[in-house]
Amino acid sequence: MIRHIAARELRTLFLSPLAWSILGVVQFILAYLFLTQVQEYARLQPQLAMMHNAPGMTEVIVAPLLGTAAIILLLIVPLVTMRLVSEERRNRTLPLLLSAPVSMTEIIIGKYFGVVAFLAIQLALVALMPLSLLIGGSLDMGQFAAGLLGLLLMLAAFAAAGLYMSTLTAQPTVAAVSTFGLLLLLWLINWAGNAVSDSGSSGLFAYLSLQQHFQSLLSGVFDTGDVIYYLLFIVLFLVFSVRRLDADRLQH
Amino acid sequence: METDSLIDVQHLYRYYGTHCAVRDVSFQVKRGEVLGFLGPNGAGKSTTMQMLTGNLAPSAGGITINGVDLLEYPKRAKTSLGYLPEQPPLYRELTVDEFLAYCARLDRMANNEVRRAVSYAKERCGLSDVGARLIGNLSKGYQQRIGIAQAIIHTPAVVILDEPTVGLDPIQIREIRKLIRDLSAEHSVILSTHILPEVQAICDRVQIINKGELVLTDSIDGLTRRMQQATLIVGLHRPPEAATLKAIAGVLEVEALDDGRFRLHHEPDQPPAEALAEQAVSGGWGLFELTPERLSLEEIFVQLTDNEAIEEAA
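This one's a predicted model, so the numbers in the text were calculated from it and none came from an experiment.

## Digging into the overall build of chain A
At step 1: From N to C terminus, chain A includes 11 helices and 0 strands.
At step 2: Helices and strands appear in chain A in the N-to-C order α-α-α-α-α-α-α-α-α-α-α.
At step 3: Taken over C-alpha atoms, the radius of gyration comes to 20 Å for chain A, in line with the 18 Å a tight globule of 252 residues would show.
At step 4: Once the C-alpha set of chain A is aligned to its principal axes, its extents read approximately 70 × 50 × 25 Å.
At step 5: In chain A, which comprises 252 residues, the share counted as buried stands at 40%.
At step 6: Expressed as a percentage of contacts within chain A between residues at least 6 apart in sequence, the contacts between residues at least 24 apart total 79%.

## Description of the overall build of chain B
At step 1: For chain B, the count of helices and strands is 11 helices and 14 strands.
At step 2: Counting only C-alpha atoms and orienting by the principal axes, one finds that chain B spans roughly 80 × 50 × 35 Å.

## Quick word on the sheet that holds strand β2 (residues 19-30) of chain B
Residue and element names in this part refer to chain B.
At step 1: Across the sheet, which stays open at both edges, the 4 strands sit in the order β2-β1-β4-β5 with antiparallel pairing between neighbours. In the strand order of this sheet, the two ends are held by β2 and β5 (68-69), each with one partner.
At step 2: Where strand β4 (residues 60-65) lies against β5, 2 bridges are found, and the strand directions are antiparallel. Paired with T64 across the two strands is D69, which belongs to β5.

## A look at the domain arrangement of chain B
At step 1: Under the domain assignment used here, chain B contains domain 1 (81-155) and domain 2 (225-294).
At step 2: Each of domain 1 of chain B and domain 2 of chain B has a C-alpha centre, and the two are 55 Å apart.

## So, the nonpolar core
At step 1: Membership of the largest hydrophobic core comes to 135 residues, with the highest contact counts inside it found for L155(A), A157(A), F158(A), A159(A), A160(A) and L100(B).
At step 2: Those residues within four positions of F158(A) in sequence are excluded, and the remaining contacts are L73(A), L74(A), V77(A) and L183(A).
At step 3: Listed in part, the 10 residues of the second largest apolar core include L245(B), F262(B), L276(B) and W285(B).

## Quick look at unusual backbone geometry
Residue and element names in this part refer to chain B.
At step 1: At D24, a position not held by glycine, the phi torsion is positive, near 50°.
At step 2: Considering the arrangement of structural elements, one finds D24 in strand β2.
At step 3: Positive phi, normally seen in glycine, also occurs at K211, with a value near 50°.
At step 4: Examined against the element boundaries, K211 turns out to sit in the loop between β9 (205-210) and β10 (213-219).
At step 5: Looking at K211, the number of C-beta atoms within 10 Å reads 18, which means it is partly exposed.

## Comments concerning the interface of chain A and chain B
At step 1: The interface is formed by 18 residues belonging to chain A together with 23 residues belonging to chain B.
At step 2: Every element with two or more residues in the side of chain A that touches chain B is listed here: α1 (2-15) and α5 (94-98) of chain A.
At step 3: When residues in the side of chain A that touches chain B are grouped by element, the largest group, 4 residues, is from α1(A).

## Observations regarding the environment of L35(B)
All names here are of chain B.
At step 1: When you line up the elements, L35 lands in strand β3 (residues 34-38).
At step 2: For L35, a count of 24 C-beta atoms within 10 Å gives the class buried.
At step 3: Remark: the alpha-carbon pair of L35 and S184, spanning 149 residues in sequence, is separated by 9.9 Å.
At step 4: Those residues in contact with L35 that sit more than four places away from it in its chain are V29, I190, L191, C203, R205 and Q207.

## Some thoughts on the packing of helix α2 (residues 17-50) of chain A against helix α3 (residues 57-81) of chain A
Residues and elements named next belong to chain A.
At step 1: The N-to-C vectors of α2 and α3 enclose an angle of 155°; their axes lie 10 Å apart at closest approach. Considering their axes alone, α2 and α3 lie roughly antiparallel with respect to each other. Our pair here, α2 against α3, has a crossing hand that is right-handed. Along the contact surface, α2 presents L18, I22, V26, I29, L30, L33, F34, Q37, V38, E40 and Y41, while α3 presents M57, V60, I61, P64, L65, T68, A69, I72, L73, I76, L79 and V80.
At step 2: Of the residues contributing to the contact of α2 with α3, the split by class is 20 nonpolar, 2 polar and 1 charged.

## Some points on α3(A)
At step 1: In this model α3(A) runs 34 Å from its N-terminal to its C-terminal C-alpha over 25 residues, within 8% of the 36 Å that 1.5 Å per residue would give.
At step 2: A maximum bend of about 40° is found in α3(A) at L74(A), where proline P78(A) lies one to four positions downstream.

## Regarding the environment of Q171(A)
Residues and elements named next belong to chain A.
At step 1: Mapped onto the elements, Q171 comes out in the loop between α7 (141-167) and α8 (172-195).
At step 2: The class for Q171 is partly exposed, based on 16 C-beta atoms found within 10 Å.
At step 3: Considered as a pair, Q171 and P130 are 41 residues apart in the sequence and their alpha carbons are 38 Å apart.

## Observations regarding the sheet that holds strand β7 (residues 158-162) of chain B
Residues and elements named next belong to chain B.
At step 1: In spatial order, the strands read β6-β7-β8-β3-β9-β10; together these 6 strands make up an open sheet with mixed pairing. The open sheet is flanked by β6 (81-84) and β10, the only strands paired with a single partner. Going from strand to strand, the sheet's axes swing by 15° on average, the running direction of each strand aside.
At step 2: Relative to β7, β6 is paired through 4 bridges, and the arrangement is parallel. Of the residues in β7, the one forming a bridge with Y83 is I160.
At step 3: Lying over the sheet, helix α8 (residues 220-227) contacts β9 and β10, oriented at roughly 95° with respect to β10.

## Details of the packing of α3(A) against α7(A)
Residue and element names in this part refer to chain A.
At step 1: One can describe the packing of α3 onto α7 by two numbers: an axis separation of 9 Å at closest approach and a directional angle of 15°. Looking at the two axes, α3 sits roughly parallel to α7. Two packed elements cross with a definite hand, and for α3 against α7 that hand is right-handed. Taking contact as the criterion, the partners of T58, V62, A63, L66, A69, A70, L73, L74, V77, P78 and T81 in α3 are, on α7, Q143, F144, G147, L151, M154, L155, F158, A159, G162, L163 and S166.

## Details of the pairing of β4(B)
Residue and element names in this part refer to chain B.
At step 1: Direction of pairing for strand β1 (residues 5-16) relative to β4: antiparallel, over a ladder of 5 bridges. What sits directly across from I7, in β4, is I65.
At step 2: What sits between β4 and β5 in their antiparallel hairpin is a turn of 2 residues, with N66 showing a positive phi close to 50°.

## Looking at the confidence of the model for chain B
All names here are of chain B.
At step 1: On average, residues of chain B score 84 in pLDDT, and 96% of them reach the 70 mark or higher.
At step 2: Looking at the elements of chain B, mean pLDDT is at its lowest for helix α11 (residues 297-313), recorded as 65, and at its highest for helix α3 (residues 96-106), recorded as 94.
At step 3: For this predicted complex, the interface confidence score (ipTM) comes to 0.86, while the overall pTM stands at 0.85.

Rules used throughout
- Residues numbered from 1 in each chain as written.
- Chains lettered and ligands numbered in written order.
- Predicted model: local features only at pLDDT ≥ 70, side-chain atom pairs only at ≥ 80, totals over all residues.
- Helix = DSSP H or I, 4+ residues; strand = E, 2+ residues; numbered from the N terminus.
- Rg over C-alpha atoms; globule rule 2.2 N^0.38 Å.
- Buried ≥ 20, exposed ≤ 12 C-beta atoms within 10 Å, placed from the backbone.
- Contact = placed C-beta atoms within 7 Å.
- Pairing = 2+ DSSP bridges.
- Domains from an automatic or database assignment.
- Core = buried A, V, L, I, M, F, W, Y, C linked by C-beta atoms within 7 Å.
- Axes fitted to C-alpha atoms, helices over the stretch in contact; angles between N-to-C directions.
- Parallel < 35°, antiparallel > 145°, perpendicular 65-115°, else oblique.
- Left-handed = near helix turned anticlockwise from the far one by under 90°.
- Nonpolar A, V, L, I, M, F, W, Y, C, P; charged D, E, K, R; others polar.
- Expected span 1.5 Å × (residues − 1).
- Bend = angle between axes of the 7 residues up to and from the residue.
- pLDDT = per-residue confidence, 0-100.

Rendered as structure tokens:
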């Protein structure tokens with residue numbers, strides 16, 4: 001059941017020009033960054049050759065690429081998730097799902113997986129660029145994999161937050177703006193954490209930040225704590241979404 | 001007897017804030033029956049239907065669909081339910097075939113049955129020619145039919161249609177009505193409308209709801225009886241004295257109208273039509289009209305909904 005709902009979501013995305021233009025634009029910008037990064041690496045190569053424990057291609061090219069990809073997709077994901085529920089509300093197509101023998105949880109998870117599948121396609125396209133380096137060099141596959149996992153978890157977390165925002169409103173644009181606001185806040189919240197590191201409250205803010213957990217994965221450190229943070233984040237927003245959708249039926 | 005009622009609604013209430021949209025509504029629908037749900041705008045028709053289909057949770061009361069409690073086991077109950085809301089829920093960017101296949105899968109049909117179900121539903125709703133077209137490009141009439149196809153695709157025991165003929169042209173309305181009649185052979189149908197002749201045309205039973213309360217539940221035959229009044233209109237070219245008319249057995253009162261017509265009030269169960277015709281022929285009165293007068297459904301409707309207003313005012 002979840003599969004069918006997810007497949008429908010994905011199909012609808014690709015039936016509108018939105019998905020194609022997002023894939024194209026993101027790919028174009030990241031390709032540009034990738035190439036400048038490659039150029040930078042080529043420029044630094046003489047110096048790197050003299051260093052004892054020099055950073056490799058993965059650190060110089062791949063990690064910054066994935067880091068930037070996360071920021072660009074923070075701007076993009078709200079546009080993908082905004083219509084998930086809000087548009088069904090506006091077009092009054094929700095009764096189709098609500099009167100079908102499908103639970104609220106299946107509806108939400110189905111829609112969520114539809115978007116995550118789209119983001120996975122986007123991620124696969126991004127991953128092709130570092131992989132092309134294998135033609136003329138070698139990559140630290142462990143660090144690369146950790147970085148990709150980090151980006152995937154990050155995108156999945158963005159999608160969960162976006163889905164929740166979409167259940168709150170009947171206006172896709174409102175959902176997009178509020179998702180963007182929420183994600184940006186969670187991205188920046190560790191700035192406050194850094195500023196008050198003496199007082200001890202930094203722990204909480206730093207822990208809440210999406211960025212903090214991503215950094216360690218990007219540098220190749222796989223900490224189960226980080227993965228659990230993302231999973232908790234996703235589950236939390238999915239549960240919120242189910243409850244919000246269910247609340248439509250109830251008395252208010 | 002109990003097992004044969006596919007829908008059983010008990011003391012349903014629904015509040016929006018402090019406003020009570022549906023108050024103590026109870027009814028049953030049997031297999032093969034078409035129930036017309038009638039009421040002015042805002043009377044609670046749609047709210048009741050949304051509760052029957054699990055789109056709204058009732059504030060109090062119970063709903064059983066095909067023997068399964070909707071509130072307790074929503075998934076199981078919903079498998080025997082097909083619903084067309086006021087506005088058909090269509091994904092405009094899909095083709096008719098894609099959309100119906102998706103609906104069939106949502107209704108938990110096995111993959112190998114989906115294709116057959118889609119073509120069957122298309123055939124029944126006259127959509128066979130437009131299967132490959134985008135829903136968004138089709139006319140309102142087709143979209144309405146897709147909405148109905150979507151509701152019956154899994155051959156549910158209960159079909160609930162909220163104003164299915166709204167916005168259609170007269171020919172389409174006739175087609176849809178015929179379709180609904182056909183459906184009632186295998187399904188129970190609940191149909192909401194505020195178009196009164198529609199109810200007379202397709203329903204077996206009528207319920208009138210006003211301000212959230214049921215004010216009338218009756219079969220169509222019962223309703224027709226209600227509509228019969230104890231009056232007869234007679235038209236005579238060469239009318240006799242009023243007293244002669246009054247002397248006919250069963251006539252209680254004679255009221256003269258213009259153009260040689262009379263309204264005869266008679267005993268409810270013995271219309272004097274036959275005796276009158278005989279006398280008219282033998283007396284050479286030149287009979288040109290003889291019609292029993294009927295109350296229209298509109299009048300009954302207005303009576304019922306007005307009474308309510310008067311009670312409320314009192």
